[in-house]
Amino acid sequence: QKKAIIIGAGIAGIATAIRLAVKGYAVEVIEANSYPGGKLSAIDLKGYRFDAGPSLLTMPQYIDELFVLAGKNPADYFRYQKLDTVCHYFYEDGTRIKAYADTQEFAAELNRTTGEPAENVLKYLANSADIYNITNHVFLERSLHRLQTFARWDTIRSIFRLPRIDAMRSMHKANAGYFKDERVIQFFDRYATYNGSNPYQAPATLNVIPHLEHHFGAYFPEGGMYSITQSLVKLAKELGVNFRYHTRVNEIVVVNKIVKGVRVNGEAMVADIVVSNMDIWPTYKNLLQKYPSLHPERILSQERSSSALIYYWGIKKAFPQLDLHNIFFSADYQAEFAHIWQQQDIYHDPTVYINISSKFETNDAPVGCENWFVMINVPANEGQDWDSLITDVRQNILRKLSKILGEDIGGLIACESILDPRSIESKTSSYKGSVYGTSSNSQFAAFLRHANKSSKVSGLYFCGGSVHPGGGIPLCLLSAKILSETI
Ligand code: FAD
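Criteria and cut-off values
Residues numbered from 1 in each chain as written. Predicted model: local features only at pLDDT ≥ 70, side-chain atom pairs only at ≥ 80, totals over all residues. Heavy atoms only, no water. Pairing = 2+ DSSP bridges. Helix = DSSP H or I, 4+ residues; strand = E, 2+ residues; numbered from the N terminus. Axes fitted to C-alpha atoms, helices over the stretch in contact; angles between N-to-C directions. Core = buried A, V, L, I, M, F, W, Y, C linked by side-chain atoms within 4.5 Å. Buried < 20%, exposed > 50% of the residue type's maximum accessible area, 1.4 Å probe, protein only. Domains from an automatic or database assignment. Contact = heavy atoms within 4.5 Å. 1 Å grid on protein atoms, 1.4 Å probe; cavity = no way out; pocket = protein on both sides within 12 Å on 5 of 7 lines; lining within 4 Å. Points joined across faces, edges and corners; volume = space filled by probe spheres on them. Salt bridge = Lys/Arg side-chain N within 4 Å of Asp/Glu carboxyl O.

Novice: Quick question: what am I supposed to make of the sheet that holds strand β14 (residues 273-276) here?
Specialist: Backbone hydrogen bonds hold the strands of a sheet together, and the pairing may be parallel or antiparallel. Strand order in the open sheet formed by five strands is β10-β2-β1-β14-β20, and the pairing between neighbours is parallel. Two strands in the sheet have a free side with no partner beyond their single neighbour: β10 (242-244) and β20 (460-462). Ignoring which end each strand starts from, the neighbouring axes of this sheet average 20° apart. Relative to β20, β14 is paired through three bridges, and the arrangement is parallel. Along β20, the bridge assignment pairs S276 with F462.

Structure below.
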C-alpha cells in the first residue's frame, strides 16, 4: 500500500486525506495544533461557543460529495439548512436592507429601500451567473496547470467567451456602471472581501460571487461551522486516516527531485507522496529551505490577501433586530479600503460584520444572551502596532454599534477573546496572517496561484487556501479534488 503524508489538518488537508484514503492510500495527517480544522476551528469562552474563523457556508455540495465518494449518506454526518435571509445590512444613514435569498424578493427589497430599479439588480445577477458559467470550468474546478484542461471542449468554449468575464475593469467601476444608488454599489462592492481583496482594484470578474450566494444559496450547518471539520474528521478516521496532533513538520525530504517523506523533530517519516496543506510561503521558505532553486519566487512574492481582526464577545442581551449575519457599513468605503491597502492601517469607521450563531444554535450562548463574532477586514501583518490598533478600533466599533443599535454595547460584554493577524499567523502558519492566501487584486491573480502539483519535485502536492484555485472553504475543497484527480 502506498503511503501519503499530509502536512496540516486544515479543511483542504482533511478533504485530501479522505480522497486519498478512498483511492487506497495509507494516509497520515500531521498537524501542529492540538486540534483539527486550522482556521475552521472553534473556541469556548465562559458558557459561550464561537466558530473561530469562517462563518458563512456556501456550496455545501462540495462537502456532501466527500461522503458520497466514501459510499456514505451525507445526512448521517453533516446537516445544514438554507437561509431565507442571507444577511442584514445597516448603513450609517439609517438604511436597512435584508438580503433575501430569493432573487425576486431581493431585487424588490433593494428597490423598496434604495429606489434602485429591480430590473437593474436582476440584470446584474444574470451577468453574475454568466461569469460563473464561463469561469467555473476553467478557473475553479480544474487545474490551470495541465494541458488536458485546455484540450476540453467546455474550456475552449469558455476561452472564447472570456471577454465577457469583465477582467479589465475593477469591480467597483463595473458596479458603478450597473447601479445608480451608492448604497447598492457599496453592497455589491463588498463581495471583494469574500476573498480578501479590494473592490477598487480587483477585476470585475469577482462579480461572480453574488451568484454563489443568490443562486446556490447560503447555509447554516447544524452545530455551527465547526461541525464541517468534525464531520469530515470522523469520516476520515472511519476510512483509516491517522491524525497526529501537536506535531510540527520541520522539513520535506527530497532526493534527486523525488519526495521521500518528511522530518519531524529529527525523526524521518517515509512516504510515497507528500501533500502540503500549509501556506505555500512557509512550505517553501521553511520546509524546503534547503532547496532554494526549487522556490518559485515570482509566485511567493504575490500580494497577500487582507487579514481579519475579530472580537469574540459574549453579550448579555438578545437583539431581535439582528440575524445570523449582519453588516454595519462604513460611511466611506473608499477611504476604508485605502486604509487597508495603501496605508496598511485601519480606518476609524470600519465596516463591521457580526455573526451570531446562537440565533440558530441556542446552546451557543446562555439563555437571553448572544455570542457575537465581531469582525473587520484589516491589512496583512507588516509589523503594525497591533496592540494599540486593537484598543483604538475596539472603541470605534463600540461607538458605531451603540449608536446604530441604541444600546451601550460595551456594558453588555460579559467576556471577550481576540484574534488578530499575528495570532492568525501563529495559529495556522498563514504568511502575514492573511486569511485567503494571495489577494485577487490583479486580473492575473488566478494564473499566479501555485499549482496543486509540484512541477519540479515528483510526489509533492499542495492544497489549501494559498494555492489554486484559492481561499474560502469551497475553493479549498476544490483544491483537494483537483489534487487527487492529478495523482
Ligand atoms: P488552514 O485552515 O490554513 O490550516 C492549515 C493547517 O496546517 C493548520 O491547522 C496549521 O496548524 C497546519 N500547519 C501549518 N504548518 C504546519 C507544519 N509545519 N506542520 C504541521 N501542521 C502545520 N471561508 C469561507 O468559506 N467562509 C467564510 O465565512 C470565511 N470566513 C473566514 C473568517 C476568518 C476570520 C478566517 C481566518 C478565514 C475565513 N474563511 C472563510 C477562509 C477559510 O477559513 C480558509 O480559506 C480555509 O479554512 C483554509 O483552509 P486550509 O485548508 O487552507 O488550511
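Novice: It is not clear to me how the nonpolar core should be interpreted in this structure. Could you clarify?
Specialist: Nonpolar side chains tend toward joint burial in soluble globular proteins. Ranked by size, the top nonpolar core spans 101 residues in total, and within it V27, Y89, F106, F187, F188, I228 and L232 carry the most contacts. Both of domain 1 (3-40 + 223-301 + 441-486) and domain 2 (119-215) provide at least three residues apiece to this core. Apart from the residues lying within four places of it in its own chain, the contact partners of F106 are A99, Y100, V121, L125, F187, F188 and H214. Within the second largest apolar cluster, 28 residues are counted, among which are F319, I354, V378 and L398.

Novice: How should empty space enclosed by the protein be read in this particular structure?
Specialist: Which parts of space are left empty comes out when a probe the size of a water molecule is rolled across the atoms. Taken as a whole, this structure holds one cavity of 30 Å³ or more when the rule is applied. Taken as a whole, the largest cavity spans an internal volume of roughly 40 Å³. Lining the largest cavity are A15, R19, Y62, E65, L66, L477, L478 and K481. Listing elements by their share of the lining of the largest cavity, those giving two or more residues are α1 (11-22), α2 (61-69) and α16 (473-486).

Novice: I'm lost on the sheet that holds strand β16 (residues 325-328) in this one. Help?
Specialist: Spatially, the seven strands line up as an open sheet ordered β8-β7-β16-β17-β18-β15-β19, and their pairing is mixed. Of all the strands in the sheet, just β8 (96-100) and β19 (413-419) have a single pairing partner and so form its edges. Looking at each pair of strands side by side, their axes are set apart by 20° on average, direction ignored. Here strand β15 (residues 307-315) pairs with β19 via six bridges, running antiparallel. If you follow I310 over to β19, its bridge partner there is L419.

Novice: I keep staring at the pattern of salt bridges and nothing clicks. Help me out?
Specialist: Side chains that differ in charge, positive against negative, can pair when their charged atoms come close. For the structure shown, the criterion picks out 26 salt bridges. As a salt-bridge pair, K3 and E28 come within 2.9 Å of each other at their nearest N and O atoms. Pair noted here: K3 is in strand β1 (residues 3-7) and E28 is in strand β2 (residues 26-30), with a separation of 25 residues, a long-range link. For E28, a relative accessible area of 10% gives the class buried.

Novice: Even after reading the chapter, I still don't get unusual backbone geometry, so can you show me in this structure?
Specialist: With the exception of glycine, most residues fall at negative phi, and the peptide bonds are largely trans. Of the consecutive residues H468 and P469, the connecting peptide bond is found in the cis state with omega at 0°. Here P469 shows up in the loop between β20 and α16. For K46, which is not glycine, the phi dihedral falls at a positive 45°. Within the secondary structure, K46 sits in the loop between β3 (42-45) and β4 (48-51). In the Ramachandran plot, S429 falls in the positive-phi region, its phi being about 65° despite a non-glycine side chain. Its location among the elements puts S429 in the loop between α15 (421-428) and β20.

Remember that the coordinates give geometry; whether it matters functionally is a separate question.
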